[in-house]
Amino acid sequence: MYPTETLDRNRLVEKHVPLVKRIAYHLLGRLPADVQVDDLIQAGVLGLLEAARLYDASQGASFETYAGIRIRGAMLDEVRRSDWTPRSVHRNARRVSEAVRAVEHREGREAQPQEVAAELDVGLDEYQRMVSDAVSSRVLSFEDIFEPESEGENRLPGSEPDPLERLQEEGFREALAGEIDRLPEREKLVMSLYYDDELNLREIGEVLGVSESRVCQLHGQALVRLRARMTDWTGRVAEA
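Residues numbered from 1 in each chain as written. Predicted model: local features only at pLDDT ≥ 70, side-chain atom pairs only at ≥ 80, totals over all residues. Heavy atoms only, no water.

Caption draft 1: Up close: the pattern of salt bridges. Per the stated rule, a full pass over the model turns up 15 salt bridges. Arg106 is paired through a salt bridge with Glu119; the nearest N and O atoms lie 3.1 Å apart. Here Glu119 lies in helix α5 (residues 113-120) and Arg106 lies in helix α4 (residues 87-107), a separation of 13 residues in the sequence. Glu119 sits in the partly exposed class, given a relative accessible area of 36%. With a closest N to O distance of 3.9 Å, Glu107 and Arg109 form a salt bridge. Several salt bridges share partner residues, and in doing so they unite Glu104, Glu179, Arg182, Glu187, Arg225 and Arg229 into one network. (Salt bridge = Lys/Arg side-chain N within 4 Å of Asp/Glu carboxyl O. Helix = DSSP H or I, 4+ residues; strand = E, 2+ residues; numbered from the N terminus. Buried < 20%, exposed > 50% of the residue type's maximum accessible area, 1.4 Å probe, protein only.)

Caption draft 2: Summary view of the packing of helix α9 (residues 185-196) against helix α11 (residues 212-229). Remark: α9 packs on α11, axes separated minimally by 9 Å, with the N-to-C direction vectors making an angle of 100°. If you check the angle between α9 and α11, you find them roughly perpendicular. Counted together, Arg186, Glu187, Val190, Met191, Tyr194 and Tyr195 of α9 and Val215, Leu218, His219, Gln221, Ala222, Leu223, Arg225 and Leu226 of α11 form the full contact between these two elements. (Axes fitted to C-alpha atoms, helices over the stretch in contact; angles between N-to-C directions. Parallel < 35°, antiparallel > 145°, perpendicular 65-115°, else oblique. Contact = heavy atoms within 4.5 Å.)

Caption draft 3: Examining the environment of Val100 more closely. Following the sequence through the fold, Val100 ends up in helix α4. Note on Val100: relative accessible area 0%, which makes it buried. Sequence spacing of Val100 and Leu120 is 20 residues, and the spatial spacing of their C-alpha atoms is 9.4 Å. When sequence neighbours within four positions are dropped, the list of residues in contact with Val100 reads Ala111, Val116, Gln221, Val224, Arg225 and Ala228.

Caption draft 4: Structural view of α4. Its 21 residues place the ends of α4 30 Å apart at the C-alpha level, agreeing with the 30 Å of an ideal helix rising 1.5 Å per residue. Those residues of α4 not exposed but buried are Val89, His90, Asn92, Ala93, Val96, Ser97, Ala99, Val100, Val103 and Glu104. Where α4 ends, the next residue or the one after it, Gly108, has phi of about 70°, a positive value. (Expected span 1.5 Å × (residues − 1).)

Remember, this is a structural readout, not a statement about activity or role.
Structural data, given as structure tokens:
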């Protein structure tokens, strides 16, 4: 006969399996096409099991909130582990962000794609390909810029930052919000529709009256610009 604690844990897991699927399908629409939902669900179930094992009701968070954090974190860890992006794509992503930073520092205004391409000594089509490769291969992502593990909503109970860390996080978020507000209008609109309204690229294209590939370019350009402008905070432009 199973101990009562084990039975309660098993009931928690069984009850919250639909939560795993819900989070998996929500994330799937925002990840590259090579990510398989079954892999996300498998990782999420492991996260759920871990949540059931570690959950402490005295910490104040509901189990669903706590489990959601664990499930989502396990899925994102799986996505990062399965990133087989060629090193050349990582290098190009770093070069693009460095070029954006150089042009904007020199000109004192937002860099135009043609200017960044010239800075890189490549054609405009090649530049757009470099940006698209970086975004589709997860080299650049808004979540990486945000560093979600430091966000309050994703912090596990009992792991609150000390006052200095909180000040640094608040300063980072304020700086990032300011840089987003300084984006060109169409790039800022794409970011809002994608991250706030959670529309996919096709739906954003319908709103803006442009192709899905054009939305992808605008999204990628916005991420490149933000990564370049936030280098002083992150201490890096992109992963080598």
